[in-house]
Amino acid sequence: MEKWSLMAITVLLALTVRWAVSLGSYSGAGKPPMYGDYEAQRHWQEITYNLPVRQWYFNTSDNNLLYWGLDYPPLTAYHSFVCAYVAKLINPDWVALHTSRGYESQPHKLFMRTTVFVADLLVYIPAVILYCFSLKETSAKKKASTCALCILLYPGLILIDHGHFQYPLSLGLALWAVLCLSHDWDLLGSVAFCLALNYKQMELYHSLPFFCYLLGKCFKKGLKGKGLVLLAKLAGTVLLSFAACWLPFGTDVEQIMQVLRRLFPIDRGLFEACMFSSPTHCPDKVANIWCSLSVLIKIKNVISPRTQLKLSFAVTFLSLLPACIKLTVQPSLRGLKFALVSCALSFFLFSFQVHEKSILLVSVPVCLIINEIPFMATWFLLVSTFSLLPLLLKDGLLLPYAVTTPAFLAVCLASFSILDKTSAEDLQLKAFSLSLKGYVSWFKSFPRIVRSLFLLSLALMGALSVLSAAVPPPQRLPDLFPVAVAVVSCLHFLLFLVYFNVVILWDSRNRGQKKMS
């Protein structure tokens, strides 16, 4: 009973923080004509409730795709319809066709915030709790709740979901998939991930690790016996899951093609979400390699859109290849978690049309390994939250950012004593350090160097946060601070990508047991 009491207190604290953040502003509040992501979610409820399914993804007189047209997979549309049904019962004006555009009121805000709370309570938070209880190292009653507290207080996800406005369903479903695989429920895990992918196409960031892990498991069982049977079952499960999600659209090829065009608008070019057309103007500030390079080299003017697509695909594929090969050859749950981090980070840094919020697709897998490498995980999660700063400032979320980020650091310091866990062994780099023995003399000073870099990183992020919030930028460089945040974050992420790949490639342990490591 004691462990459940501790977990209940943890969840109550996490919900209290979410509630406090939700009291503030949201994306696009009072900013016509497009408003923001809050209005996008409301508009999808309006469209899905009032129009037949065949019109949801098509441009019509009742569905102007230029005004927050639906561009997520069918499961998002179905979720919007369910929310709209409830909204219609409370106040029909909230989802009235055409006349509800830009609708803003305190009761409606309460309703919309409540829908996010419900999604959190039904999907994401239970997955976190069960995951922490399943961790091998958390046999002590206190440890599971401590790990859950750190994960549930990660500020990036809280600020985006309950501040900016977004639903945590795809990430929660992906977490359920990992949880199922940890118990050898491979078919259930496949269903959970298919649902995640059919809620948001950005779950493609996680698709290769899941595929490689399950394929490697089939290889390990033998493709002439049990492995072939498992492969057939997995293939059938995936096909049935997709068929169920796409059933209303499956009767018409043109319907399917239109949905796919909405999900993958490749004609917009590489910089659809990070349009650094010049060093002095950048509507969206994404901490990936293309946006950072465009501060110096105007990639849009040098490379054609078609070449941009090929280049981003090639670099992304090459960067995630080592982790995927290792996971296929040596499938393990530990390897899966690290590969989810590495592959998602490769997609974020190098892929096509990246949004700044996509860093959450890396951060949630990092949360899964916070018990294994608490120092590096905490550092990464702080940087990922910092990379969202320009978006948070635009949404009026400076105060929640300034409170939740130091609070998260304090909780991690108290829970894991992260500053004391900077040795090569603590950072999972012992095998790598042994391979460099005799070549790198400074490895003896490694813990001190890492701690110094961490403190320097915190100071730099703190300084840029204060400057961004309090100091007007030079008139000639209005986006100086957002660009600085993006570039500094990108440099951090590149180093983290190298680190995670080193851990993956030099790890000889293959922990395929039922319990998670």
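Residues numbered from 1 in each chain as written. Predicted model: local features only at pLDDT ≥ 70, side-chain atom pairs only at ≥ 80, totals over all residues. Heavy atoms only, no water.

## Here's the deal with the nonpolar core
Counting 153 residues, the largest nonpolar core has Phe348, Phe380, Phe493 and Phe500 as the members making the most contacts within it. Domain assignment of the residues forming this core places at least three in each of domain 1 (167-264) and domain 2 (266-516). Here Phe380 is in contact with Leu345, Ile359, Val362, Ser363, Val366, Phe493, Phe496 and Phe500, once residues within four sequence places are set aside. (Core = buried A, V, L, I, M, F, W, Y, C linked by side-chain atoms within 4.5 Å. Buried < 20%, exposed > 50% of the residue type's maximum accessible area, 1.4 Å probe, protein only. Domains from an automatic or database assignment. Contact = heavy atoms within 4.5 Å.)

## A short note on helix 9 (residues 204-221)
With 18 residues, helix 9 should reach 26 Å at 1.5 Å per residue; the first-to-last C-alpha distance of 26 Å fits that figure. Taken together, the buried positions of helix 9 are occupied by Tyr205, His206, Ser207, Pro209, Phe210, Cys212, Tyr213, Leu214, Leu215, Gly216, Lys217 and Cys218. Packed against the buried residues of helix 9 are helix 7 (169-182), helix 8 (186-197), helix 10 (226-246), helix 14 (305-329), helix 15 (333-350) and helix 16 (360-368). A positive backbone phi angle near 95° is found at Gly222, which sits one or two residues after helix 9. (Helix = DSSP H or I, 4+ residues; strand = E, 2+ residues; numbered from the N terminus. Expected span 1.5 Å × (residues − 1).)

## Describing the packing of helix 17 (residues 374-387) against helix 22 (residues 480-505)
Two elements in contact, helix 17 and helix 22, have axes whose closest approach is 9 Å; the angle formed by their N-to-C orientations is 150°. As summarised for this structure, helix 17 and helix 22 are arranged roughly antiparallel, according to the angle between their axes. The handedness of the crossing between helix 17 and helix 22 is left-handed. Taken together, the residues of helix 22 that come into contact with helix 17 (itself represented by Met376, Trp379, Phe380, Val383, Ser384, Phe386 and Ser387) are Val485, Val488, Ser489, His492, Phe493, Phe496, Tyr499 and Phe500. Of the residues that constitute the contact of helix 17 with helix 22, the class distribution is 11 nonpolar, 4 polar and no charged. (Axes fitted to C-alpha atoms, helices over the stretch in contact; angles between N-to-C directions. Parallel < 35°, antiparallel > 145°, perpendicular 65-115°, else oblique. Left-handed = near helix turned anticlockwise from the far one by under 90°. Nonpolar A, V, L, I, M, F, W, Y, C, P; charged D, E, K, R; others polar.)

## Looking at a nonpolar patch on the surface
Taken together, Leu204, Val253, Met257, Leu260, Phe264 and Ile266 make up a surface patch of nonpolar side chains, about 490 Å² in accessible area. If you tally residues by element for the nonpolar patch, the top one is helix 11 (residues 253-263), at 3 residues. Its place among the elements puts Ile266 in the loop between helix 11 and helix 12 (289-293). (Patch = residues over 30% accessible without salt bridge, like charges linked within 9 Å, V, L, I, M, F, W, Y side chains within 5 Å. Areas by Shrake-Rupley, 256 points an atom, 1.4 Å probe, with all protein chains shown as cover. Salt bridge = Lys/Arg side-chain N within 4 Å of Asp/Glu carboxyl O.)

## Concerning the domain arrangement of the chain
What the domain assignment lists for the chain is domain 1 (167-264) and domain 2 (266-516). Of the residues lining the interface, 25 residues belong to domain 1; the matching set on domain 2 comes to 29 residues. Counting each side, the surface lost to burial between domain 1 and domain 2 is near 2200 Å², with a carbon and sulfur contribution of 75%. Sorting the residues of domain 1 by area buried against domain 2 places Tyr205, Pro209 and Tyr213 first, and these three jointly supply 30% of that buried surface. (Buried area = accessible area lost by both parts, 1.4 Å probe.)

## Points about the pattern of salt bridges
This model, assessed by the stated rule, comprises 10 salt bridges. The closest approach of N and O atoms between Glu46 and Arg42, which form a salt bridge, is 2.8 Å. Taken together, the residues Glu46 and Arg42, both in helix 2 (residues 37-50) and 4 residues apart, mark about one turn of the helix. Exposure remark for Arg42: the relative accessible area of 0% places this residue in the buried category. A salt bridge links Glu372 to Arg334, with the shortest nitrogen-to-oxygen separation between them at 2.5 Å.

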